[in-house]
Amino acid sequence: MSGAGQPIFSLAGRRVFVAGHRGMVGSALVRRLAREECEIVTATRDELDLRRQRDVEDWLAAQRPSAVFLAAATVGGILANDTRPAEFIYDNLAIETNVIEGARRVGVDKLMFLGSSCIYPRLAPQPMAEEALLTGRSSRPTSGTPSPRSPG
């Protein structure tokens, strides 16, 4: 927040793209953004494959959002993560780079990228400051998180 309780970046009157709007975090974002004076823009997997750079850039150019919340990812439980780790990392890196680069190319004003909780240091003080990232051993995997083969 900046002076007098005003947000640093107002969403009022803006088109806001929520990538991953059907997931746990993305759907919560959509519910919260519904209280703002903004237009929420979404696309299902059938409408837009975020792993395809050209498709992402074309869609963003047509939709012209001024803010993007990136909560999309290929996810699974421990078995899926353990048996398909290369597929998961490939899909997620493609999604991340395509949306971030597409947003840059079309001139999106603000982008918020939401990473996995498994990357955060296990013993970081809460609430965690950005400076705490990559300063210690990461959290141990639990049900629904990356493979037990992950470092940590």
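Just so it is clear, the structure is predicted and the values come from calculations on it, not from any experiment.

*Asks:* Could you give an account of the sheet that holds strand β4 (residues 110-113), naming the residues involved and the relevant values?
*Replies:* Read across the sheet, 4 strands follow the order β2-β1-β3-β4 without closing on themselves; strand pairing throughout is parallel. Two strands lie at the open edges of the sheet, namely β2 (39-41) and β4, each paired on one side alone. The mean inter-strand angle of the sheet, taken between neighbouring strand axes irrespective of direction, is 20°. With 3 bridges connecting them, strand β1 (residues 15-19) and β2 associate as parallel partners. Looking at β2, one finds that Phe17 is bridged to Val41.

*Asks:* Residues and numbers for the packing of helix α2 (residues 53-63) against helix α4 (residues 85-106), please.
*Replies:* Each pair of packed helices can be described by the angle between their axes along with the distance between the axes. Two numbers describe how α2 lies on α4: the axes approach to 9 Å, and their chain directions differ by 40°. The angle between the axes of α2 and α4 places the two elements in the oblique class. Note on packing geometry: the crossing formed by α2 with α4 is right-handed. Contacts from Gln53, Val56, Glu57, Leu60 and Ala61 in α2 reach Asn98, Val99, Glu101, Gly102, Ala103, Arg105 and Val106 in α4. For the contact of α2 with α4, the class distribution of residues is 6 nonpolar, 3 polar and 3 charged.

So, how was this worked out
- Residues numbered from 1 in each chain as written.
- Predicted model: local features only at pLDDT ≥ 70, side-chain atom pairs only at ≥ 80, totals over all residues.
- Heavy atoms only, no water.
- Pairing = 2+ DSSP bridges.
- Helix = DSSP H or I, 4+ residues; strand = E, 2+ residues; numbered from the N terminus.
- Axes fitted to C-alpha atoms, helices over the stretch in contact; angles between N-to-C directions.
- Parallel < 35°, antiparallel > 145°, perpendicular 65-115°, else oblique.
- Left-handed = near helix turned anticlockwise from the far one by under 90°.
- Contact = heavy atoms within 4.5 Å.
- Nonpolar A, V, L, I, M, F, W, Y, C, P; charged D, E, K, R; others polar.

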